[in-house]
Every structure is written in structure tokens, then in C-alpha cells.
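# Report on the structure
Residues per chain are reported as follows:
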Amino acid sequence: MKNNIATIMINHNEQIQKAADIIRNGGAVAFPTETVYGLGANGLNEKAAARIFEIKKRPFFDPLILHIGGKEWTGELAIDVPAPAQKLIDRFWPGPLTVVLPKKSAVPDIITSGLPGVAIRMPSNDIALQLIALAGVPVAAPSANLFGAVSPTTAEHVREQLGANVEMIIDGGMCTVGVESTIVSFMTDAPMLLRPGGITIEEIEEAIGEIIIPKHDEFVNQSPGRNDSHYATKTPLFLVDDVDSIDKNVNAGLLTAALINPKTLSPNITKIECLSTTGDLREAACNLFAAMRRLDASGVDMIAALPVPDTGLGAAINDRLYRASRKR
Ligand code: TXA
Ligand code: MG
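Residues numbered from 1 in each chain as written. Chains lettered and ligands numbered in written order. Predicted model: local features only at pLDDT ≥ 70, side-chain atom pairs only at ≥ 80, totals over all residues. Heavy atoms only, no water.

## Let's talk about the domain arrangement of the protein
Per the domain assignment, the segments of the protein are domain 1 (7-208) and domain 2 (237-325). Using only C-alpha atoms to locate each centre, domain 1 and domain 2 end up separated by 28 Å. Carbon and sulfur atoms make up 59% of the area that domain 1 and domain 2 hide from each other, which totals about 1,500 Å². If you look at where domain 1 meets domain 2, you find 2 salt bridges. With its nearest N and O atoms 2.9 Å apart, the salt bridge here joins R320 to E180. Inspection of the domain 1/domain 2 interface yields 5 residue pairs in polar contact (both at pLDDT 80 or more). The set of elements that each furnish at least two residues to the side of domain 1 that touches domain 2 consists of helix 7 (155-162) and helix 8 (201-208). (Domains from an automatic or database assignment. Buried area = accessible area lost by both parts, 1.4 Å probe. Salt bridge = Lys/Arg side-chain N within 4 Å of Asp/Glu carboxyl O. Polar contact = N/O pair within 3.5 Å; in protein donor to acceptor, adjacent residues only side chain to side chain. Helix = DSSP H or I, 4+ residues; strand = E, 2+ residues; numbered from the N terminus.)

Below you can see the structure in the form of C-alpha cells.
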């Protein structure tokens, strides 16, 4: 299976069937979800799951999310679904929400990295749902990028990093949400946020009341893969409070969600990616990873990113920018 150059498939129905067959036979395929592209394999098969780690060069201590085709699959993977978890499931599935629940023994330890909790999500993308239904098994799927790199929001992004190693990439166009799912753990005394994402913290708390929200650097204690450094561009990325604090001596690219007149900028800022000209955080989230990739490929020597307002999807965007700015 190595050295197979993956073809990007656009002709859907037939391809989804083929992808489902690959998954049932222990292989790995990349597929679109509403958040980012996932690299999927049979989540009940240890060997198949191991291939995901191999393809992504991902350490085994970083557990995988199981993607399911219906809410009722939850009971086959989790021993218990506490009432607040059920509330979130009923309100936000299918959608960009992952819940961590006490796992049943049917879930292989490789999926949870030996943790007692399993992360489960029902995506809302039609191709993803069809694929899972046809595969007939929970599909383990991390984001379809190399470990630590920027997540893919188009099939082309997947091909650039993993194309030589996956059997198939299903092209479902650009992801509509653009940042990964929100993860809430029910393994702690009170529900705890493990990752801000496509469902906002405000929406979660509106549904089940206050949850525990660790600080940036505390996430890693709860969720082994939540490394301080993540979403890394090859070009160093810095979080800056304002454009004036950008070093004037380097060829810099600017990542912002506010409309900025280039004429007001110092001439060393040669590239600008504006995530939303109207400051719309949904649009900004949707454009984030592609914009980071474009700046990374543009030849600038550093990327300066302005944080966005920390409300709504802004929390997820700022989290990604913070991690992208951390040195490895
Ligand atoms: O939107 C998403 O969630 C995307 C799409 C493909 O569904 N998937 C995704 O997977 O972002 P990944 O592997 O790139 O990020 C999953 C995060 C990791 O930080 C991992 O450590 C955490 O979820 N995680 C997975 N299982 C866990 C568990 N049992 N307990 C705690 N954290 C877990
Ligand atoms: Mg990821």
C-alpha cells in the first residue's frame, strides 16, 4: 500500500462505497467533515488504527476520535452517557462536537491511548455520514495532516502532506466550519472543555450550564495530544497585539480578521491574509488554516498574527493561533 499515489475522488457515490470497502478491509482514507478533513480507518480494528499513527507520524500517546453514523451508536462504545452529555449530543449532533465518555471494552486501547475515556463525535458532513454508514463501523479519524502541522480544509491540503501514503482522498470541497470540533470530557467530576472548536463555549454552557475551562497550557494535562505546540507552519508564527509591534527588519506576512489598509502598514509587511473583511468569526474560522498555509508558502520570513475577539468561534481561532506560535 506504500507509495501509492492517492487519487483525489470527486465522483462521490461510487467513491464513497469504494472508500467504505477500504476502511472495512483495514485501510485508511481521507474524507471531508464539516470541520477539517479526517484520515479514517476502522476504529474497532487495532491494526487499521495503527496505520493512522504511522501515516500521520503521530505518537501513540495521542488518542483518536471515533466518528459515528448515528447517536444510537454511542451506547455501543460508552458504558455510560451522563445526562448533560446526552443533552449536548441531542442538541449538537450531527455537528462539530466531540464528547469523551467512559469506554466499553470493545474500544481498543490504541484508540484511547490507554485512557479510560473514548472521544466520540457524529459529524454533519453528508459524505462523512455516508462513508461511516457504508463502512458500518465507527471510523477513527484524526485531522488528515502530519502530526503537529496545520489541519487540512481542502482535499488538496491532504494530498500535499499525505497523498503518497493514503489509498484514497475523497474531495468534498472546502470544509464549512474550518476549525476542529469542540471537545468536552465527562471523565471529570464536572464537564471539562478539552478543546475549543466549532461549537462555541457559549452554546455549550447555554445547554448544560458552566463547564470547567482550563487555561491554554493546562489542556495538555487532560488531553495528551493537546500539545502546547501544534498547527505549526514552517515559517515562524508570532502572536502580536498590534501591527506596530511587528519587527520592521524582516519580510513579514500578516494574518488578521480585521480589515486593514495595506498603505498604513510598514513596507516590510509584504503579504496580508484577511480572514474576514467584516470581522465575521465564522468566516474567519473557515478561512484560518488555508490562510496560514498560503502565508507559509508565500516566502515571508515570519508570520505575524493578530488575535481575534475571544468570543464565539474566536476562542477556537485564538487557541489555534496560540498553539501555532509556540516553539517546538
Ligand atoms: O473536528 C475534528 O474533531 C476532527 C475531524 C476529522 O473530525 N478531528 C480531529 O482529530 O481534530 P485530532 O486527532 O486531530 O484531534 C483530536 C484531539 C486530540 O488532541 C486528542 O488528544 C484528543 O482529541 N482526544 C482524542 N481522544 C481522546 C480521549 N479519549 N481523551 C482525551 N482526549 C482525546
Ligand atoms: Mg489534529
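## As for the confidence of the model for the protein
Across the protein, pLDDT averages 93, with 93% of residues at or above 70. Considering each helix and strand of the protein separately, the mean pLDDT is smallest for helix 9 (residues 219-222), with a value of 60, and largest for strand 4 (residues 65-67), with 99. (pLDDT = per-residue confidence, 0-100.)

## Side note on the state of the cysteines
Evaluated as defined, the whole model comprises 0 disulfides. Among the cysteines around C286, which has no disulfide bond, C175 carries the closest sulfur, lying 8.1 Å off. (Disulfide = S-S within 2.5 Å.)

## Structural notes on the side chain of S151
You can see S151 is positioned in the loop between strand 7 (139-140) and helix 7. You can call S151 buried: its relative accessible area is 1%. Only 2.5 Å separates the side chain of S151 from the side chain of E180, close enough to count as a polar contact. Contacts of S151, omitting those with residues within four sequence positions, involve V36, S143, N145, E180, Y231, F289 and R293. (Buried < 20%, exposed > 50% of the residue type's maximum accessible area, 1.4 Å probe, protein only. Contact = heavy atoms within 4.5 Å.)

## Observations concerning the packing of helix 4 (residues 83-92) against helix 8
For the pair helix 4 and helix 8, interaxial distance at closest approach is 9 Å and the crossing angle is 125°. Of the possible angle classes, the one that applies to helix 4 and helix 8 is oblique. In the packing of helix 4 onto helix 8, the handedness of the crossing is right-handed. Across the interface between the two elements, P84, K87, L88, R91 and F92 from helix 4 touch E203, I204, E206, A207 and I208 from helix 8. Its residues placed into classes, the contact of helix 4 with helix 8 shows 6 nonpolar, no polar and 4 charged. (Axes fitted to C-alpha atoms, helices over the stretch in contact; angles between N-to-C directions. Parallel < 35°, antiparallel > 145°, perpendicular 65-115°, else oblique. Left-handed = near helix turned anticlockwise from the far one by under 90°. Nonpolar A, V, L, I, M, F, W, Y, C, P; charged D, E, K, R; others polar.)

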